[in-house]
Amino acid sequence: MNTTSPDPASSQHLKSSDPASALSGQGTLVDQLVQWAELRMSQQVFRPGMRMPSVRQLATERGVSRFTVVEAYERLVARGRLQARRGAGFFVREPEQAASPKRARATPARVQPIDMGWLVRNMQSGIAADKAPGFGYLPPDLCGGELIKGGLRSVAATAGLQLSHAALAQGYAPLREQIVRRLAELEISASPAQILTTSGATQAVDLIARKFLRPGDSVIVGNPAWSAQLGTLSMMGVNLVSLPYTPQGPDVAALAELAASCQPKMLLLNTVLHNPTGLLLTPAAAYQILRVAEAHDLIVVEDDIYADFLPSGIPTARLASLDQLKRVIYLGSFSKMLVPNVRVGYLAASAEIAETLGNQKLLTSLATPEINERIVHRALTEGSYRKHCQRVHAALDELREPTFARLESLGLTPYCRPQAGFHGWFDTGVDTIALAALALEAGYLLAPGALFSPQQSPSTFMRMNIATSQNPAVLKWLETTLNQLRR
């Protein structure tokens, strides 16, 4: 990118960094400043074509002399990381202009790139939920910790002989029977032979992809969509075809065109309380989606892992209830409503597909932990899970409107107004990759929009968790940083 105008974001990357604004690293101050700049380049905080802060500004913000900054910039120019333009300043070089990797240079600290796995890695990094508006689960005060404690006590009292046998690949039989009853409440008819338990819905997607897809096959996915599932497909070399969303849901007219032009093998959609927008699938859209799938012989994978966040009485549609598991493979999970590390999910499909995927599961991971499945079964059968869901619904309903109003006061524009769940999809007006990198440096976790794009395209959108977006310090930081980046 060739530009001589200053990037409003670049001048604020320093002010929004660590509170002490002090260098850290090894070697002289020049060495440390070089390492700091290269680290920000690797994180794409300083992106190709961006103008670096002026010598005076960087010296002030980093607490060093101008001579130190000049020396560091000159060293970065020599390494091919920066380009000096007379009268304009220093600019980050395009990647192909960088120095040969064979040239000796200081190695910056290893960082994880902001890619499809970035959010998942950082949700597991130990950042507290109240500092993580990008968190993908309920915070500790809302998740089902007490249910898990009760389940653990119950399992601990179970005779050792019952737990000493090898777990079944299909999953704990009483839990599968209970899932059948839960599906019946959603008007999905199934038998225990059609249920396969999994370690969350992500494993279910992996099993399905391994069985039915080959590198180069095309799969239609939502845009936006959950990055972990997109990452699973990308690692297989699958061609991800973006199905655009509107504030009313998936664009069914675009779906028909994509199915005709791309010859896809599969369609993967999150239908109820869509991640990240919070949208619900309408009956009209569900009917049209199934018509397209039948016309083009598509395998349809319906991700319904947020089903338990939808209170009764709010109308929606499910592909599996219309199709009755003939073409649709239905995915569910208990991990979102319960604690994240009790990974219990399931898939429902035709008996033939369920058996085939059960064999696939047996060969790749033997079985899912029966202890976890017994814990979930106990919660389901003793009525505590239903009460927990009702408590969560009430808590989220109380938070939703005030949180949306507070975020709108910061200049964030909501994509839509979800009726339930904990997701919000907001337009910030700035590059949210840069915003998320700054947040992580300050100790906060955001969910930038590029991670929900099949092609990881730059985006001004980001997902916010209304249950973890209450911390005044985080909101103040967000307000200040957004104002700086928008200047």
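Everything discussed here concerns the structure shown above.
A quick note: this is a predicted structure, and the numbers were derived from the prediction, not measured. (Residues numbered from 1 in each chain as written. Predicted model: local features only at pLDDT ≥ 70, side-chain atom pairs only at ≥ 80, totals over all residues. Heavy atoms only, no water.)

Looking at this structure, I do not really get the packing of helix H10 (residues 252-262) against helix H11 (residues 283-295). What am I missing?
When two helices pack together, their arrangement is captured by the angle between the axes and the distance separating the axes. The geometry of H10 relative to H11 is characterised by a closest axis approach of 10 Å and an angle of 5° between their N-to-C directions. Considered as vectors, H10 and H11 are oriented roughly parallel to each other. Packed against H10, whose contacting residues are Val 252, Leu 255, Ala 256 and Ala 259, the element H11 presents Ala 285, Gln 288, Ile 289 and Val 292 at the interface. Partitioning the contact of H10 with H11 into residue classes produces seven nonpolar, one polar and no charged. (Axes fitted to C-alpha atoms, helices over the stretch in contact; angles between N-to-C directions. Helix = DSSP H or I, 4+ residues; strand = E, 2+ residues; numbered from the N terminus. Parallel < 35°, antiparallel > 145°, perpendicular 65-115°, else oblique. Contact = heavy atoms within 4.5 Å. Nonpolar A, V, L, I, M, F, W, Y, C, P; charged D, E, K, R; others polar.)

Could you clarify how one ought to interpret the pairing of strand S14 (residues 461-465) in this entry?
As a general feature of sheets, a regular strand has side chains that alternate between the two faces. Among the five residues of S14, four are classified as buried, and the element is accordingly described as predominantly covered. Pairing geometry for strand S12 (residues 423-427) and S14, over five bridges, is antiparallel. Note on S14: the bridge partner recorded for Gly 424 is Met 464. Pairing between strand S13 (residues 447-448) and S14: two bridges, direction antiparallel. Across the sheet, Ala 447 pairs through a bridge with Arg 463, a residue of S14. (Buried < 20%, exposed > 50% of the residue type's maximum accessible area, 1.4 Å probe, protein only. Pairing = 2+ DSSP bridges.)

Looking at this model, I keep getting lost on the side chain of Asp 303. Mind explaining?
Relative to the helices and strands, Asp 303 resides in strand S8 (residues 299-303). One buried charged side chain, Asp 303, makes no salt bridge at all; its nearest oppositely charged neighbour is Lys 336, positioned 8.5 Å away. Residues in contact with Asp 303, not counting those within four places in the same chain, are Gln 229, Leu 269, Asn 270, Thr 271 and Leu 331. (Lys, Arg positive; Asp, Glu negative; His and termini not counted. Salt bridge = Lys/Arg side-chain N within 4 Å of Asp/Glu carboxyl O.)

Please clarify how the packing of aromatic side chains should be interpreted in this entry.
Geometry of an aromatic ring pair is reported as the spacing of the ring centres plus the angle between the planes. Evaluation of the coordinates by the stated rule reveals 15 aromatic pairs. Consider the rings of Trp 226 and Phe 452, whose centres lie 6.2 Å apart with planes at 40°: the pair is tilted. Pair noted here: Trp 226 is in the loop between strand S4 (218-223) and helix H9 (227-235) and Phe 452 is in the loop between S13 and S14, with a separation of 226 residues, a long-range link. You can call Phe 452 buried: its relative accessible area is 0%. Seen in terms of ring centroids, Trp 425 and Phe 461 are 5.3 Å apart; in terms of plane orientation they differ by 15°. Their pairing is stacked. In this pair, Trp 425 is assigned in strand S12 and Phe 461 in strand S14, connecting sequence segments 36 residues apart. According to the relative accessible area criterion, Trp 425 is buried, its value standing at 6%. One aromatic cluster is present, built from ring pairs that chain together Trp 226, Tyr 415, Trp 425, Phe 452 and Phe 461. Note that Arg 85 overlies the ring of Phe 91, its terminal NZ or CZ placed 3.9 Å from the centroid. (Phe/Tyr/Trp six-rings, centres within 6.5 Å; stacked < 30°, edge-to-face > 60°. Lys NZ or Arg CZ within 6 Å of the ring centre and 35° of its normal.)

Hey, could you run me through H9 in this one?
For an α-helix, 3.6 residues make a turn, and residues three or four places apart therefore share a direction. With seven of its nine residues buried, H9 lies for the most part within the structure. All of the buried residues along H9 are Ser 227, Ala 228, Gln 229, Leu 230, Gly 231, Thr 232 and Leu 233.

Quick question: what am I supposed to make of the environment of Phe 212 here?
Considering the arrangement of structural elements, one finds Phe 212 in helix H8 (residues 200-212). Once residues lying within four places of it in the same chain are set aside, the contact partners of Phe 212 are Asp 217, Lys 265, Met 266, Ile 299, Ile 329, Ile 353 and Leu 357.

Mind showing me how you'd approach the sheet that holds strand S6 (residues 249-250) here?
Whether parallel or antiparallel, the strands of a sheet pair through hydrogen bonds between backbone atoms. Read across the open sheet, the eight strands follow the order S3-S10-S9-S8-S7-S4-S5-S6; overall the sheet is mixed. Of all the strands in the sheet, just strand S3 (195-198) and S6 have a single pairing partner and so form its edges. Pairing geometry for S4 and strand S5 (residues 239-246), over six bridges, is parallel. Bridging from a neighbouring strand, Ser 218 pairs with Asn 239 of S5. Packed onto the sheet, H10 meets S4, S5, S6 and strand S7 (266-270) and runs at close to 160° relative to S5.

What's the story with the side chain of Thr 271 in this structure? I'm lost.
One can find Thr 271 in the loop between S7 and H11. A distance of 2.8 Å separates polar atoms of two side chains, one belonging to Thr 271 and the other to Glu 302. If near-sequence neighbours (up to four positions away) are discounted, Thr 271 is found in contact with Leu 279, Leu 280, Leu 281, Glu 302, Asp 303 and Leu 319. (Polar contact = N/O pair within 3.5 Å; in protein donor to acceptor, adjacent residues only side chain to side chain.)

Where do I start with the nonpolar core in this structure?
Across soluble globular proteins, nonpolar side chains show a tendency to be buried alongside one another. In terms of nonpolar packing, the biggest core is built from 120 residues, with Leu 183, Phe 309, Tyr 330, Phe 334, Tyr 385, Leu 435 and Leu 478 touching the most fellow members. Aside from chain neighbours lying at most four places away, what touches Tyr 330 is Leu 183, Leu 186, Ile 188, Glu 302, Asp 304, Ala 307, Arg 318, Ala 320, Leu 325, Tyr 346, Leu 347 and Ala 348. One finds Val 205, Ile 208, Ala 225 and Leu 230 within the second-largest nonpolar core, a separate group that totals 25 residues. (Core = buried A, V, L, I, M, F, W, Y, C linked by side-chain atoms within 4.5 Å.)

Explain the sheet that holds S14 to me, please; I cannot follow it from the model alone.
Spatially, S11-S12-S14-S13 is the arrangement adopted by the four strands of the open sheet, whose pairing is antiparallel. Only two strands of the sheet have a single partner each, and these edge strands are strand S11 (413-414) and S13. On top of the sheet, helix H15 (residues 384-409) reaches S11, S12 and S14; it is set at about 15° to S12, its chief contact.

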